[in-house]
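Observations on the three-dimensional arrangement
Residues per chain, in single letters:
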Amino acid sequence: MSRLQGKNVLITGASSGIGEACARHFAQAGSNLFLAARRQDRLDALKQELEAKYPSIKILIHALDVRVKANVNAAIDFFGDIDVLVNNAGLVIGLDKLEDITEEAMDTMIDTNVKGLVYVTQAVVPGMRARNKGHVINIGSVAGQQAYGNGSIYCATKAAVASVTRALMHETVDTAIRVSEINPGLVETEFSVIRFRGDKDKADSVYKGLVPLNGDDIAETVIFIAGRPDHVNIAEMLVFPTNQAAATTVYRKP
Ligand code: NDP
Ligand code: 8X3
């Protein structure tokens, strides 16, 4: 029997990309799904599809903007006890020099990737502490380890995720709670479409000439980390496509 069977798994940003792939993989492992994102129609469709395929699991969905603390608290109240939290909701806006980044883009990235992740964690960890069990899995990025030009604020938000993750690991070291971080390189999802404000051609060019990771590749690492025995914590994992060696070192076939 899978160690993940019957676990209650909250995935933020489950309407697309890595989060959606995580939902499919946890469902296959027999976990109950608590799915959150702003686009409720997408969550509805995913719930319907997975309920038909895996009738024995429980699936709850809640429209959630992680930037709104009251909304986060309401969603966590609605879901109930959480065994595994996948803090995945996040985004990048633009590819601009520091002096050209708009206040709106900066606020959106910081409010979503940092403050939103912290709001969700603050709402979930007290329950884990009270039950002395749980696993927080944060989706960081190679961008949090290696800042690149025209990515300053996004990189800073992911560096903040790394710090928050590590600090939480210290704060829970005397408990059975596990804290992990996965840092992907290039993953082809809606990430670049959002970055380039809907410009699909520009988004596609990010992945040109190499085979990028996809949502399933990262979901498989999430499942691996979540599925280790209780005494094993994979603290950190850096995951690249084969032709990527660093944030900006990528080999592209001509
Ligand atoms: P997608 O754009 O495909 O998915 C992002 C998800 O985040 C969506 O489900 C979106 O849902 C959700 N989201 C965005 N803003 C909010 C918000 N305010 N409240 C709630 N949910 C929100 O991109 P990815 O799957 O690639 O991104 C997932 C995570 O992976 C992000 O944290 C990203 O930084 C990280 N990452 C991505 C990499 C890549 O190359 N793609 C590489 C490294 C890390 P909705 O719009 O419905 O709210
Ligand atoms: C996403 C990876 O390099 O596009 O976190 O910023 S990158």
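In the annotation of an unreviewed UniProt entry, the chain is listed under the name NAD(P)-binding protein and assigned to Mortierella hygrophila. One UniProt comment on the chain, placed under Sequence similarities (unreviewed entry), says "Belongs to the short-chain dehydrogenases/reductases (SDR) family."

Right, let's talk about the pairing of strand β3 (residues 59-63) for a bit. Relative to β3, strand β2 (residues 32-37) runs parallel, the two sharing five bridges. Bridge pairing in β3 places Ala36 opposite His62. Each parallel crossover has a hand, and for β2 linked through helix α2 (residues 40-53) to β3 it is right-handed.

Considering all chains together, one arrives at twelve salt bridges under this definition. Arg24 is paired through a salt bridge with Glu49; the nearest N and O atoms lie 2.4 Å apart. Placement of Arg24 in helix α1 (residues 17-28) and of Glu49 in helix α2 is noted, with a sequence separation of 25 residues between them. The exposure class of Arg24 is partly exposed, given its relative accessible area of 27%. Among the charged side chains, a network of salt bridges with common partners joins Glu20, Arg24 and Glu49.

Let us now look at the site of ligand 2. What surrounds ligand 2 is the set Ser141, Ala143, Tyr148, Tyr154, Phe191 and Arg195. Tyr148 is positioned such that a nitrogen or oxygen atom in its side chain is 2.4 Å from an oxygen atom of ligand 2. Coverage of ligand 2 by the protein chains reaches 89% of its 240 Å² of free accessible surface. The cavity where ligand 2 resides is the largest pocket. Taken together, the residues that form the shell around ligand 2 break down as four nonpolar, one polar and one charged.

On inspection of all chains with the given rule, the structure shows three aromatic pairs. Plain terms: the ring middles of Phe78 and Phe79 are 5.6 Å apart, the flat faces sit at 55° to each other, and that makes the pair tilted. On the accessibility criterion, Phe78 (43% relative accessible area) is partly exposed. Sitting over the ring of Phe224, Arg228 keeps its end group 4.0 Å from the ring centre.

Around ligand 1 sit 29 residues, and of these Ser15, Ser16, Arg38, Tyr154 and Thr189 come closest. Between an oxygen atom of ligand 1 and a main-chain N or O atom of Ile18, the distance comes to 2.8 Å. One nitrogen or oxygen atom from the side chain of Tyr154 is found 2.7 Å from an oxygen atom belonging to ligand 1. Relative to its unbound accessible area of 870 Å², ligand 1 is 96% covered by the protein chains. With respect to the pocket detection grid, ligand 1 is positioned in the largest pocket.

Attention now goes to empty space enclosed by the protein. A complete count under the given rule lists one cavity of 30 Å³ or more for this structure. What the largest cavity holds in volume is close to 50 Å³. Lining the largest cavity, in full, are Val92, Ile93, Gly94, Asp96, Ile101, Met109, Asn150, Gly151, Ser152, Ile153, Tyr154 and Arg195. The element best represented in the lining of the largest cavity is helix α5 (residues 152-171), accounting for three residues. Here the lining of the largest cavity is composed, by residue class, of six nonpolar, four polar and two charged.

A word on α5. In this model, α5 (20 residues) spans 28 Å end to end at C-alpha, consistent with the 28 Å of a helix rising 1.5 Å per residue. What α5 keeps buried is the set Ile153, Tyr154, Cys155, Thr157, Lys158, Val161, Thr165, Leu168 and Met169. Looking at the buried positions of α5, the neighbouring elements they touch are α4 (103-131), β5 (135-139), β6 (178-184) and α6 (191-195).

Interhelical geometry of α1 versus helix α8 (residues 215-226) gives an angle of 50° and a closest axis separation of 8 Å. By the angle class used here, α1 and α8 are oblique. For the crossing formed where α1 meets α8, the hand is right-handed. Only Gly215, Asp216, Ile218, Ala219, Glu220, Val222, Ile223 and Ala226 of α8 make contact with α1, whose side of the interface consists of Gly17, Ile18, Ala21, Cys22, His25 and Phe26. In terms of residue class, the contact of α1 with α8 is built from nine nonpolar, three polar and two charged.

About the criteria used
Residues numbered from 1 in each chain as written. Chains lettered and ligands numbered in written order. Predicted model: local features only at pLDDT ≥ 70, side-chain atom pairs only at ≥ 80, totals over all residues. Heavy atoms only, no water. UniProt positions renumbered as here; feature names shortened; annotations may be inferred. Pairing = 2+ DSSP bridges. Helix = DSSP H or I, 4+ residues; strand = E, 2+ residues; numbered from the N terminus. Right-handed = clockwise from strand over helix to strand, strands pointing away. Salt bridge = Lys/Arg side-chain N within 4 Å of Asp/Glu carboxyl O. Buried < 20%, exposed > 50% of the residue type's maximum accessible area, 1.4 Å probe, protein only. Near = heavy atom within 4 Å. Polar contact = N/O pair within 3.5 Å; in protein donor to acceptor, adjacent residues only side chain to side chain. Areas by Shrake-Rupley, 256 points an atom, 1.4 Å probe, with all protein chains shown as cover. 1 Å grid on protein atoms, 1.4 Å probe; cavity = no way out; pocket = protein on both sides within 12 Å on 5 of 7 lines; lining within 4 Å. Sits in = over half its atoms within 2 Å of the grid points. Nonpolar A, V, L, I, M, F, W, Y, C, P; charged D, E, K, R; others polar. Phe/Tyr/Trp six-rings, centres within 6.5 Å; stacked < 30°, edge-to-face > 60°. Lys NZ or Arg CZ within 6 Å of the ring centre and 35° of its normal. Points joined across faces, edges and corners; volume = space filled by probe spheres on them. Expected span 1.5 Å × (residues − 1). Contact = heavy atoms within 4.5 Å. Axes fitted to C-alpha atoms, helices over the stretch in contact; angles between N-to-C directions. Parallel < 35°, antiparallel > 145°, perpendicular 65-115°, else oblique. Left-handed = near helix turned anticlockwise from the far one by under 90°.

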